[in-house]
Amino acid sequence: MTVYALAALALALPASAEVKVTTPTKPAPGAALRAVASFAAPAAWTASEHANGSDPVLEFRKGLDRISLRLFGASGSAYSGPDAFLRGPAATTMGQAPESAGSVVVAGEKRAARRRGYPIMLGDPHAASSGRPDMASERFVIVPLRDGRFLVAAHAFESPIPSAAPDGERAFETFLKSLRLMPVKKPSKKQ
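Values in this document were obtained by computation on a predicted structure and should not be read as measured data.

Quick look at the overall build of the protein chain
If you tally the helices and strands in the protein chain, you get four helices and nine strands. Along the protein chain, from the amino end to the carboxyl end, the secondary structure elements read α-α-β-β-β-β-α-β-β-β-β-α-β. When burial is assessed residue by residue, the protein chain has 35% of its 191 residues classed as buried. As presented, the protein chain carries roughly 12200 Å² of accessible surface, and 57% of it is formed by carbon and sulfur atoms.

This is the structure in structure tokens:
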């Protein structure tokens, strides 16, 4: 409704009538992720949550290390399924397919891990570029859910220089081992 339509409606109603306007609410991104999976957050890491459109994201940061958990595949999602995700910019290195990065245990099962790189801004943004940008490295795993949606758990080290201490990788492995999928509720059929 426009402001003018609301004003006209207010004038048409008796003074004693109450008008309640409700807007649909979405669960917070962290709550949406916790509805499909349980996990142990890394100790002493800073947590934050946001949504990229309709895709919820939960992140944990410590220094240059970042562990993220993203949920895709719902209505309006950037990616309809794992194959679309693997072809998209969130999984590729400047258009190149992700590399195999071994396997990891997630939710009690062994799953394929992949690695990609993405550009990071370091130094003076006004200085002339000398070619290929500095790249961060991200290792990720896809976890399909029974209802067609899927989780992407990832660990990134946001520096072109590899980490001297593997604390972030160890925290990611522990995070993946703690991940448990929640039972997916079937949508109720309206009668």
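Side note on the side chain of threonine 92
Residue placement: threonine 92 occurs in the loop between helix H3 (82-87) and strand S5 (99-106). At a separation of 3.2 Å, a polar atom in the side chain of threonine 92 contacts the main-chain carbonyl oxygen of glycine 88. Those residues in contact with threonine 92, other than ones at most four positions away along the chain, are Leu86, Arg87, Ala97, Pro98, Arg116 and Gly117.

Considerations on the pairing of strand S2 (residues 46-52)
Relative to strand S3 (residues 55-62), S2 runs antiparallel, the two being bridged by seven bridges. In the strand pairing of S3, glutamate 49 is matched with leucine 58. In this antiparallel pair of consecutive strands, S2 and S3, the connection spans two residues, and glycine 53 shows a positive phi of 65 degrees.

Some words on unusual backbone geometry
The backbone of alanine 44 sits at a positive phi, close to 70 degrees, despite the residue not being glycine. Judged by its relative accessible area of 70%, alanine 44 is exposed. For methionine 94, which is not glycine, the phi dihedral falls at a positive 50 degrees. For methionine 94, the location among the structural elements is in the loop between H3 and S5.

Digging into helix H4 (residues 167-178)
With 12 residues, H4 extends 17 Å from end C-alpha to end C-alpha; this agrees with the ideal 16 Å at 1.5 Å per step. For H4, every residue scored as buried is listed here: Gly168, Ala171, Phe172, Phe175 and Leu176. Seen along its axis, H4 keeps its buried residues to an arc of 135 degrees; they face one direction. Opposite the buried face of H4, by more than 90 degrees, sit the exposed residues Arg170, Thr174 and Lys177. The secondary structure elements touched by the buried residues of H4 are S3, strand S4 (65-72), S5, strand S7 (135-144) and strand S8 (150-157).

Digging into the environment of arginine 66
Within the secondary structure layout, arginine 66 lies in strand S4. Put simply, arginine 66 and phenylalanine 157 are 91 residues apart on the chain and 6.5 Å apart in space, counted from C-alpha to C-alpha. With sequence-adjacent residues up to four places away left out, arginine 66 is seen in contact with Trp45, Glu59, Phe60, Arg61, Tyr118, Glu138, Ala154, His155, Ala156 and Glu158. A polar contact of 3.2 Å, which involves the side chain of arginine 66, links it to the side chain of glutamate 158.

About the thresholds
- Residues numbered from 1 in each chain as written.
- Predicted model: local features only at pLDDT ≥ 70, side-chain atom pairs only at ≥ 80, totals over all residues.
- Heavy atoms only, no water.
- Helix = DSSP H or I, 4+ residues; strand = E, 2+ residues; numbered from the N terminus.
- Buried < 20%, exposed > 50% of the residue type's maximum accessible area, 1.4 Å probe, protein only.
- Areas by Shrake-Rupley, 256 points an atom, 1.4 Å probe, with all protein chains shown as cover.
- Polar contact = N/O pair within 3.5 Å; in protein donor to acceptor, adjacent residues only side chain to side chain.
- Contact = heavy atoms within 4.5 Å.
- Pairing = 2+ DSSP bridges.
- Expected span 1.5 Å × (residues − 1).
- Arc of directions from axis to C-beta.

Nothing here speaks to function; it is geometry throughout.
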